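So you can see what is in the structure, the chains are spelled out below.
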Amino acid sequence: MNMETNRIATLTLDDGRTLELPILKGTLGPDVIDIRNLGKVGLFTYDPAFFSTSSCISEITFIDGDEGLLYYRGYPIEQLAENSDFLEVCHLLLNGELPDAEQKAEFISNITRHTMVHDQLARFLNGFRRDAHPMAVMVGVVGALSAFYHDSLDINNPQHRVVSAHRLLAKVPTIAAMAYKYNVGEPFVYPKNKFSYVENFLYMMFSTPAEEYVPNPILVRALERILILHADHEQNASTSTVRLAGSSGANPFACIASGIAALWGPAHGGANEAALKMLEEIGDVSRVAEYVQGVKDKKYRLMGFGHRVYKNMDPRAKVMRETCYEVLKELKLENNKLFELAMELEKTALNDPYFIERKLYPNVDFYSGIVLRAIGIPTNMFTVIFAVARTIGWVSQWNEMVADVEQKIGRPRQLYRGAERRDFVPVNKR
Ligand code: CMC
């Protein structure tokens with residue numbers, strides 16, 4: 001791809017020196033100043049949290065927060081959520097194109113054949129305390145996969161990378177369901193190949209030896225949508241973590257474990273859990289007005305509202321809202337106290353000038369939290385579901401990075417503000 005624009009940014013220093021920096025062009029989105037030559041004048045840039053820095057060239061996901069756009073490989077998220085299924089989206093993210101019928105069948109068969117985990121892994125999992133947070137289990141067990149699948153760890157071998165990607169995509173839901181079963185004290189349920197990816201996950205979560213689980217198509221579709229909507233989100237904190245870990249040549253299982261660790265934080269993957277806790281704290285529809293007043297008085301924030309990037313409605317939230325209403329209707333939960341209160345909160349926030357002026361719309365996590373709760377998934381599993389969905393994004397971004405000829409070990413610089421050089425003082429003289 002030709003990225004040249006013939007445009008140049010000229011940097012003039014106070015000592016009169018100048019430096020010409022090329023301006024690069026992407027397919028969509030703002031142009032980017034190439035600052036790689038800045039070192040030649042002995043300078044670095046300062047950009048904490050990388051708000052103005054492109055860390056890589058990527059062809060996977062495009063976001064325009066002001067316009068409320070999210071595209072995977074060029075396809076708008078709304079179209080994918082409406083017409084596609086999760087594994088088709090995985091193929092798109094990983095390989096760049098939607099599969100034709102034959103490719104799709106082959107991809108599904110590859111993933112299905114990898115859903116079981118090495119039996120020894122169950123013993124490894126049994127070493128955790130029963131009350132371990134399922135995200136702690138995920139970080140540990142997904143990282144441990146590298147000790148079980150030695151035959152696909154050569155990251156310079158494209159075939160190994162494909163096998164590892166398929167293994168991760170197939171095994172992460174199995175491990176997630178095992179983490180849940182372990183937590184609630186029920187026996188692990190082996191995957192069943194007759195089910196689709198999402199049906200199989202719900203089956204491993206909710207089936208017991210005493211009661212067979214029959215997947216409900218509306219709930220399957222709802223979870224399918226949650227997975228599609230969370231599959232990738234360009235260079236966010238966990239994805240950047242995966243890329244940075246991978247830039248050292250670390251194996252993909254270890255890299256994805258680092259992504260899961262980054263996702264665990266409440267500022268990233270924990271928002272739908274926080275939204276649900278807030279609803280429980282409000283407790284009753286009669287307290288909504290009082291709670292909203294507290295938000296306006298800046299005592300606390302409304303969880304599940306607002307977004308750092310999307311300043312118009314989050315396109316994922318529009319889809320999730322529709323799904324949320326569908327699920328509540330299917331499960332006849334419209335009159336449930338918690339959901340009634342959630343809908344009242346949504347109505348209040350959408351009509352109140354405080355929220356309208358600040359463009360604070362309900363975000364995807366507000367609705368996905370409600371849907372997950374309605375499906376019966378416990379709150380401490382919400383971030384785990386996010387990790388199941390995001391695994392394909394992490395793997396696709398990792399794969400793109402490893403194949404990139406410009407890739408080097410990541411190494412941010414710093415502005416040092418510590419002590420200047422000083423000499424060691426023996427302890428009796430300090
Ligand atoms: N409730 C009440 N007021 C808010 C909220 C909120 N959730 N979010 C922002 N504001 C107000 C804020 O007080 C400020 O008001 P003022 O101009 O009077 O000072 C104004 O809106 C702008 O706030 P900001 O802090 O500049 O906004 P931001 O873009 O930095 O914050 C955010 C983004 C997501 C951190 C924030 O909206 C928030 O804390 N939301 C609640 C937590 C949440 O739901 N997070 C999940 C986001 S989606 C996750 C994902 O996509 O992975």
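The shown structure was predicted, so the numbers you read here are calculated from the model rather than taken from an experiment.

Visitor: Kindly report on the site of the ligand, identifying the contributing residues and their values.
Guide: For the ligand, the set of nearby residues contains 19 residues, the closest of which are Lys298, Leu302, His307, Arg308 and Lys311. Note that an oxygen atom of the ligand is positioned 2.6 Å from one of the side-chain N or O atoms of Lys298. Phe305 is positioned with one of its backbone polar atoms (N or O) 2.9 Å from a nitrogen atom of the ligand. Here the ligand has 940 Å² of accessible area as a free molecule, and 71% of this is covered by the chains.

Visitor: Tell me about the sheet that holds strand β1 (residues 4-12), and please be specific about residues and values.
Guide: In spatial order, the strands read β1-β2-β3; together these 3 strands make up an open sheet with antiparallel pairing. Two strands close off the open sheet at either side, each with one partner strand: β1 and β3 (32-33). Note that β1 and strand β2 (residues 18-24) share 6 bridges and pair antiparallel. Each residue of the ladder has a partner; that of Thr10, found in β2, is Glu20.

Visitor: Tell me about the pattern of salt bridges, and please be specific about residues and values.
Guide: In total, this model carries 22 salt bridges according to the counting rule given. For Arg129, the salt bridge identified is with Asp131, shortest N-O distance 2.8 Å. For Asp131, a relative accessible area of 52% corresponds to the exposed category. The partner of Lys181 in a salt bridge is Glu186, with the nearest N and O atoms 2.7 Å apart. For Glu186, a relative accessible area of 31% translates into the label partly exposed.

Visitor: Would you mind going over the side chain of Glu346 in detail, with residue names and values included?
Guide: With respect to the helices and strands, Glu346 occurs in helix α14 (residues 337-351). Looking at Glu346, its side chain comes within polar contact range of the side chain of Arg321, at 2.6 Å. Other than its neighbours up to four places away in sequence, Glu346 contacts Phe305, Arg321, Tyr325, Pro362, Phe366 and Tyr367.

Visitor: So what about the sheet that holds strand β5 (residues 69-72)? Which residues, and what values?
Guide: Overall, antiparallel pairing links the 3 strands, which are arranged β4-β5-β6 in an open sheet. Two strands bound the open sheet, and with one partner strand each, they are β4 (61-64) and β6 (75-76). In the sheet, β4 pairs with β5 via 4 bridges, with the strands oriented antiparallel. Bridging across to β5, Ile63 finds its partner in Leu70.

Visitor: I'd like a description of helix α7 (residues 197-206), backed by residues and values.
Guide: With 9 of 10 residues buried, α7 lies mostly within the body of the structure. Among the residues making up α7, those that are buried are Tyr197, Val198, Asn200, Phe201, Leu202, Tyr203, Met204, Met205 and Phe206. Where α7 is buried, its residues contact α2 (86-95), α3 (101-112), α6 (158-184), α8 (217-229), α16 (364-375) and α17 (382-403).

Visitor: Account for the environment of Leu331, with residues named and values stated.
Guide: In this structure, Leu331 sits in the loop between α13 (315-330) and α14. A relative accessible area of 27% places Leu331 in the partly exposed class. When the C-alpha positions of Leu331 and Ile375 are compared, they lie 8.6 Å apart, and in sequence the two are 44 residues distant. Apart from residues lying up to four places away in sequence, Leu331 is in contact with Leu219, Ala374 and Ile375.

Visitor: Tell me about the packing of aromatic side chains, and name the residues and values.
Guide: This structure, assessed with the given rule, holds 12 aromatic pairs. Three or more aromatic residues joined by ring pairs form one cluster here, namely Phe305, Tyr354, Phe355, Phe366 and Tyr367. The positively charged end of Arg358 is found above the aromatic ring belonging to Tyr354, 3.8 Å away from the centroid.

Visitor: Explain a positive patch on the surface residue by residue, including any values.
Guide: On the surface, Lys298, Arg301, Arg308, Lys311 and Arg358 cluster together into a positively charged patch. One can find Arg358 in the loop between α15 (353-357) and α16.

Visitor: Give a description of the nonpolar core that names residues and reports values.
Guide: Leu279 and Leu345 are the most contacted members of the largest nonpolar core, which has 120 residues in total. In this structure, Leu345 is in contact with Met278, Leu279, Ile282, Val288, Val292, Leu302, Phe305 and Phe366, ignoring residues within four places of it in sequence.

Visitor: Can you explain the environment of Glu273? Please cite residues and give values.
Guide: One can find Glu273 in helix α11 (residues 271-282). With 130 residues separating them along the chain, Glu273 and Gly143 place their C-alpha atoms 24 Å apart.

Visitor: Report on the pairing of β5, specifying residues and quantitative values.
Guide: The hairpin formed by β4 and β5 contains 4 residues between the paired strands, and Gly68 there has a positive phi angle of roughly 70 degrees. In this structure, β5 lies alongside β6, joined through 2 bridges in antiparallel fashion. For Tyr72, the partnering residue across the bridge sits in β6 and is Tyr75. Remark: 2 residues form the turn of the hairpin made by β5 and β6, two consecutive strands paired antiparallel; Arg73 in that turn has positive phi of roughly 50 degrees.

Visitor: Tell me about helix α12 (residues 288-296), residues and numbers included.
Guide: Taken together, the buried positions of α12 are Val288, Tyr291, Val292, Gly294 and Val295. The buried residues of α12 all sit within an arc of 150 degrees when viewed along its axis, so they share a single face. Away from its buried face by more than 90 degrees, α12 exposes Ala289 and Glu290. Turning to α12, the residues buried within the fold contact α11, α14 and α15. Once α12 finishes, Lys298 follows within two positions and takes phi at roughly 65 degrees, a positive value.

Visitor: Describe the environment of Gly259, listing the residues and the values that go with them.
Guide: Mapped onto the elements of the fold, Gly259 is located in helix α10 (residues 252-263). Residue class for Gly259 comes out buried when judged on its relative accessible area of 0%. C-alpha of Gly259 to C-alpha of Thr239: the two residues are 20 residues apart in sequence and 6.2 Å apart in space. Ignoring anything within four residues of it in the chain, the contact list for Gly259 reads Ser238, Thr241, Val242 and Trp394.

About the thresholds
- Residues numbered from 1 in each chain as written.
- Predicted model: local features only at pLDDT ≥ 70, side-chain atom pairs only at ≥ 80, totals over all residues.
- Heavy atoms only, no water.
- Near = heavy atom within 4 Å.
- Polar contact = N/O pair within 3.5 Å; in protein donor to acceptor, adjacent residues only side chain to side chain.
- Areas by Shrake-Rupley, 256 points an atom, 1.4 Å probe, with all protein chains shown as cover.
- Pairing = 2+ DSSP bridges.
- Helix = DSSP H or I, 4+ residues; strand = E, 2+ residues; numbered from the N terminus.
- Salt bridge = Lys/Arg side-chain N within 4 Å of Asp/Glu carboxyl O.
- Buried < 20%, exposed > 50% of the residue type's maximum accessible area, 1.4 Å probe, protein only.
- Contact = heavy atoms within 4.5 Å.
- Phe/Tyr/Trp six-rings, centres within 6.5 Å; stacked < 30°, edge-to-face > 60°.
- Lys NZ or Arg CZ within 6 Å of the ring centre and 35° of its normal.
- Patch = residues over 30% accessible without salt bridge, like charges linked within 9 Å, V, L, I, M, F, W, Y side chains within 5 Å.
- Lys, Arg positive; Asp, Glu negative; His and termini not counted.
- Charge placed at Lys NZ, Arg CZ, Asp CG, Glu CD.
- Core = buried A, V, L, I, M, F, W, Y, C linked by side-chain atoms within 4.5 Å.
- Arc of directions from axis to C-beta.

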